[in-house]
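What follows is each chain in one-letter form.
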Amino acid sequence: MSADRDVVLLETVRTHRARLLAAFLFGDLEERRVVNDNRKRVIGSMVLAAVVCAGCVGFSFVTTLLAEQAAERAQQQQQFVVPSPAPTVRGGDREAGR
């Protein structure tokens, strides 16, 4: 039974020394405990949301620009390709002219 008391006493002393060392290095307990108000998470989330929005806008802009360029190319190709008029010779017109 005396061994258990000794172990408890040693652990208590170790805990007190750790608390005293922490108080000496980092200040009083109230000063060490910081209210977790998640400011960093909110700011980080806002920055991440802004980056995602900018990425979506950029992707939309690029796809629209590429689609417009493809439409212009197709229109230019249609302008250069001029179908040659095929002669329309009717068999009945030749006979009537004779």
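Residues numbered from 1 in each chain as written. Predicted model: local features only at pLDDT ≥ 70, side-chain atom pairs only at ≥ 80, totals over all residues. Heavy atoms only, no water.

**So, the overall build of the chain**
What counts is decided by this rule: Helix numbering and strand numbering both begin at the N terminus, where a helix is a DSSP run of H or I of at least 4 residues and a strand a DSSP run of E of at least 2. Accessible surface is estimated by sampling points in the Shrake-Rupley manner with a 1.4 Å probe; for residues, cover comes only from the protein chains shown.
When helices and strands are counted, the chain shows four helices and zero strands. Element-wise, carbon and sulfur atoms account for 62% of the exposed surface of the chain, whose accessible area totals about 9,800 Å².

**With respect to the confidence of the model for the chain**
Using the following cut-off: Per-residue confidence from the predictor is given as pLDDT, running between 0 and 100.
The predicted model of the chain averages 83 in pLDDT, with 76% of residues at 70 or higher. Mean pLDDT per element in the chain: helix α4 (residues 91–97) is the minimum at 56, and helix α3 (residues 39–80) is the maximum at 94.

**Some points on a nonpolar patch on the surface**
The condition that has to hold: Like charges within 9 Å and nonpolar side chains (Val, Leu, Ile, Met, Phe, Trp, Tyr) within 5 Å are joined into patches, using only residues over 30% in relative accessible area that form no salt bridge. Note on definitions: salt bridges are taken to be side-chain nitrogens of Lys or Arg within 4 Å of carboxyl oxygens of Asp or Glu. Each residue is assigned to one of three classes by its accessible area relative to the maximum for its type, calculated with a 1.4 Å probe on protein chains only: buried under 20%, partly exposed between the two thresholds, exposed over 50%.
A cluster of nonpolar residues, L21, F24, L25 and F26, forms a patch on the protein surface that exposes about 520 Å² of accessible area. Mapped onto the secondary structure, L25 falls in helix α1 (residues 2–26). Under the relative-accessibility criterion, L25 is labelled exposed at 54%.

**Quick word on the state of the cysteines**
Defined as follows: For the purposes of this analysis, a disulfide is any pair of cysteine sulfur atoms at a distance within 2.5 Å.
This structure, assessed with the given rule, holds zero disulfides. Cysteine C53 is unpaired, with the sulfur of C56 as its nearest cysteine sulfur at 6.4 Å.

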